[in-house]
Amino acid sequence: MANQLSGIAVILFIAFGSLTFILLFIFAKRQITRFALKSGRGPHVMVGVDAPKRLRLEIERRLDVIDKIRCEPWLIKQSIREQFEDPDLVAYLSPPHIYRMKAVDDVRELCKLISSTSNKRSRQVQEDVLEYFFRLYKDGTFPTITVETLNTFLLLYEQARYQPDEFLYPTYCQFRDLLHIVQNDIIQSSKNLESKGAIHKSNISQLEEAAQADESTKPLLTESFASSGDSVNKFTHETSV
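Each value, and the rule that gives it
- Residues numbered from 1 in each chain as written.
- Predicted model: local features only at pLDDT ≥ 70, side-chain atom pairs only at ≥ 80, totals over all residues.
- Heavy atoms only, no water.
- Helix = DSSP H or I, 4+ residues; strand = E, 2+ residues; numbered from the N terminus.
- Buried < 20%, exposed > 50% of the residue type's maximum accessible area, 1.4 Å probe, protein only.
- Contact = heavy atoms within 4.5 Å.
- Areas by Shrake-Rupley, 256 points an atom, 1.4 Å probe, with all protein chains shown as cover.
- Arc of directions from axis to C-beta.
- Polar contact = N/O pair within 3.5 Å; in protein donor to acceptor, adjacent residues only side chain to side chain.
- pLDDT = per-residue confidence, 0-100.

Chemist: Looking at this model, I keep getting lost on the overall build of the chain. Mind explaining?
Modeler: Within the chain one finds 7 helices and 0 strands. Along the chain, helices (α) and strands (β) appear in the sequence α-α-α-α-α-α-α when read from the amino end. The buried share of the chain, taken over its 241 residues, is 20%. Counting contacts in the chain only where the partners sit at least 6 residues apart, residues at least 24 apart contribute 53% of the total. Element-wise, carbon and sulfur atoms account for 60% of the exposed surface of the chain, whose accessible area totals about 18,400 Å².

Right under this line is the structure:
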């Protein structure tokens, strides 16, 4: 009887030991997998691990470029933009955050307008809008706009994009009025630059025409000097005879 009990105890001990080992193994494997997935090293097997070295380097380069891709898409559709052109509908658009989205899109269009006047005035994707406009202000891009007007315009843009305060139709109207002022100033300054460029080109063309006229008169002068020299030689020859 004692031998039977000891044999059963050994079997139970082995069974419980095996079960404990299996449970610990499963738990350890799950923990290792969880920590591996949480780590920033990516998947367990690298992409292209069996590929040639040149192809593997190209794959890694393209994967690294993904983090550097930046894009600023348009926030509202063309159909909603057309509703903003209708004075009977623009005050009753819903939901209210449409006005915020339209303000952000308007600033993006304004940046494109500024970039079209000069490549030096273009804005990078990651460049802050406030820093961009104040940089343009220091460069003299807005000759007739005061810094207070520009600051109010940019504060309304910041309110539309970041602030939790309400940005409804009256606020958008204030923003739109300042936007028109900035646009008109940019268009006027670009026209002034074009007129100055046209005057500069006309001055250059006049100088070129004057230079060509001087070059055309040189052969006549040489011929006149040559003819006068021949007459002098003839006169001296006759007098000597």
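Don't stop here, the text continues.
Chemist: For this particular structure, what's the right way to read helix α5 (residues 129-138)?
Modeler: The α-helix winds at 3.6 residues per turn, so residues separated by three or four positions along the chain end up facing the same way. Of the residues making up α5, those classed as buried are Val129, Tyr132, Phe133 and Leu136. One side of α5 carries all its buried residues, which in axial view fall inside an arc of 90°. Residues of α5 that are exposed and point more than 90 degrees away from the buried face comprise Glu131 and Lys138. Where α5 begins, the capping side chain belongs to Asp128, and its oxygen is found 3.1 Å from the backbone nitrogen of Leu130. Just downstream of α5, Gly140 is the residue with a positive phi angle, here 85°.

Chemist: Explanation requested: the confidence of the model for the chain in the structure shown.
Modeler: Detailed reading of predicted coordinates is not advised where the pLDDT is low. Mean pLDDT over the chain works out to 77, with 73% of the residues at or above the 70 mark. The element-level mean pLDDT for the chain is lowest in helix α7 (residues 169-240), coming to 64, with helix α6 (residues 147-161) highest at 92. Contacts for the low-pLDDT stretch residues 231-241, under 50 throughout, to residues beyond four places or in other chains number 0 contacts.

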